[in-house]
Amino acid sequence: MIQKRLKALRELMKRENVQAYIVCTDDFHGSEYVGKFFKVRAFLSGFTGSAGTLVVLEKEAALWTDGRYFLQAGQQLAGSTITLMKAGQEGVPEIEEYLKDKLGKGDGIGFDGRTVTTAFVEKITKPLADKEIRIVWDKDLAGEVWEDRPALSKEPVWELDLKYAGESRPDKLKRVREKIAEREADLFVLTSLDDIAWLLNLRGNDVACNPVFLSYMLIEKDRAVLYAQKEAFDEKLRGRLEQDGVSFREYEQIYEDLQKLEKGKSILLDADKVNYKIRMCIGSGQKLIEQISPVFLLKAVKNATECEGMKQAHIKDGVAVTRFMYWLKAAIKTETITEISAAEKLESFRKEQEGYMGPSFEPIMAYGAHGAIVHYSATEESNIELKPEGLFLSDTGGQYPQGTTDITRTYALGELTAEEKRDYTLVMLGNLRLAAVKFLHGTRGVNLDFVAREPLWEYGLDYNHGTGHGVGFFLNVHEGPNAFRIKLMKREEENAVFEAGMITSDEPGIYITDKFGVRLENLILCKESEKTEYGKFLCFETLTMVPFDLDAVDTSYMNERDIRLLNEYHAKVYETISPYLSEEEKNWLKEATRAIGR
């Protein structure tokens, strides 16, 4: 099937005189997760991960993805004739290096200009300047191959109540305009879906698990225009937007409006988010200010209402996941449970929580060797039965009006090997130690990442993903710029200094191919600690309230401080969650969070 689709694409490439066609994962907005209409790369390659770029040439094809997906991509690309390119690994060329080697002078590179960012195009074409490469950006050839392509989503958009948002739409627009003025811009082109949803206190359902809606915005000193699908908005909502100074235009109208701008304007845009077609619609008579979106930076620091809401969301979520843990530990001995049925059971516990709006991402339920696949997602074909032995990794999250959750727990389903217990304990130590750090203001995620890795490094172990990402407020589960990672990002703003109000995941792991995986994830809130003559200190508060599995802990790897951190965390979990449990569940939780010693 995949080979047939690639053949059809190559015939269209020949028609358009295109020697290389590129298919990214993006929608029209540079989103990480996309709606069904935009899953062209998955359609053409068979690889379903959330990150990857497919390059198709006349006689070969290659797909680049990152370390989270090496195992998954290797399995899904088998038999497709597509070569897996493990991005960042030794000997693996970058896309632009690959194209430079494969293309001749005057050859053409094609892509749908709406689904690739301006920065991406600049990155791949700059090294090819001497080859006089032609850019064919206005042909959706991959879309032509996909004959039964799903329609563009037009789900209803609704307003997030101020009691959850904590700041009104006009006040947010005022703050954004101040940032635009600081950058000496006349016009701001905003295309990121979660930025727009946050700014306007609106939510939608055009992307599964991400409460966003397809839209663009143009913001000036005295006006703001929202470009969206009219069918998704009722008249009352459009009226309230107009009252707050936001006019409404059709979704695709932005391209024409950009072409009609009067010359001499200073236009602010984020080249890493703005698609190439938008960039090509801006005339040469304009001055471009290519900088990171001010909204991206503003929404990362949660206000007091959002922080309190996130705490409440995590209590609800903690109750659901703790009840799931109680059920799992008992049911594994008597019931038939599969990866998929376990996910359904956890979802049923979440649905019992007041205000639950749905999952924040597709659940990762991975038993045994599947746990070594970082972003494994069970299908009917891969679904396996859980046994009362070994490790079971569960990475899930929920959406509530009070906030977004993301939690990973790895459970001991029975007898464990010494290796499994050691690795579980080392990962848990990384999680606890990172959550317990106190640090001077000015510290970045790259300064703190080693705290989580050090217990593993001591034994020559590591994991091939970041230690943590920012999390949105009832928005995308992955949000920047705050993160824990081992390498610096190219854009300075994405190496964010931690500020009070930022919420970040804390999720070290270890993945032993063909054997098991361990990941333990809590969300942590950055808070002010104290101010001394040396400066302002910050710390973290753990939001996630679910026990670690003491059945998987080997205390011989723990020092006295580690024991204290674990006991303090478990005491807080019991205090927070037990009032919402049945007497039987409460008794179990008391034992599951008991204080331990060496």
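Up top is the structure.
An account of the accompanying structure is given in this report. (Residues numbered from 1 in each chain as written. Predicted model: local features only at pLDDT ≥ 70, side-chain atom pairs only at ≥ 80, totals over all residues. Heavy atoms only, no water.)

What to know about the sheet that holds strand β18 (residues 398-400)
The three strands lie next to each other as β15-β18-β19, forming an open sheet whose pairing is antiparallel. One side of each edge strand has no neighbouring strand; the edge strands of this open sheet are β15 (358-359) and β19 (403-404). Here β15 pairs with β18 via two bridges, running antiparallel. Bridged to G358 within β18 is Q399. (Pairing = 2+ DSSP bridges. Helix = DSSP H or I, 4+ residues; strand = E, 2+ residues; numbered from the N terminus.)

Details of the pattern of salt bridges
What the rule picks out here adds up to 42 salt bridges. In this structure, D195 and K299 form a salt bridge, with 2.5 Å as the shortest nitrogen-oxygen distance. Of this pair, D195 sits in helix α9 (residues 193-200) while K299 is found in the loop between α13 (294-298) and α14 (304-331), placing the two residues 104 residues apart along the sequence. By the burial criterion, D195 is buried, and K299 matches it. (Salt bridge = Lys/Arg side-chain N within 4 Å of Asp/Glu carboxyl O. Buried < 20%, exposed > 50% of the residue type's maximum accessible area, 1.4 Å probe, protein only.)

Considerations on helix α10 (residues 235-243)
Of all the residues in α10, the buried ones are L237, R238 and L241. Taken end-on, α10 shows its buried residues confined to a sector of 100°, consistent with a single buried face. Exposed positions of α10 whose direction lies more than 90 degrees from the buried face are E235, K236 and Q243. Buried positions along α10 lie against β7 (158-159), α8 (169-182), β9 (202-203), β11 (224-228) and β12 (246-250). (Arc of directions from axis to C-beta. Contact = heavy atoms within 4.5 Å.)

With respect to the side chain of R433
Locating R433 in the fold gives a position in helix α16 (residues 418-435). In this structure R433 comes out as buried when scored by relative accessible area, which is 17%. Reaching out from R433, the side chain makes a polar contact with the side chain of E454 at a distance of 3.3 Å. Discounting chain neighbours no more than four positions away, the residues touching R433 are V451, E454, P455, N559, R561, D562 and L565. (Polar contact = N/O pair within 3.5 Å; in protein donor to acceptor, adjacent residues only side chain to side chain.)

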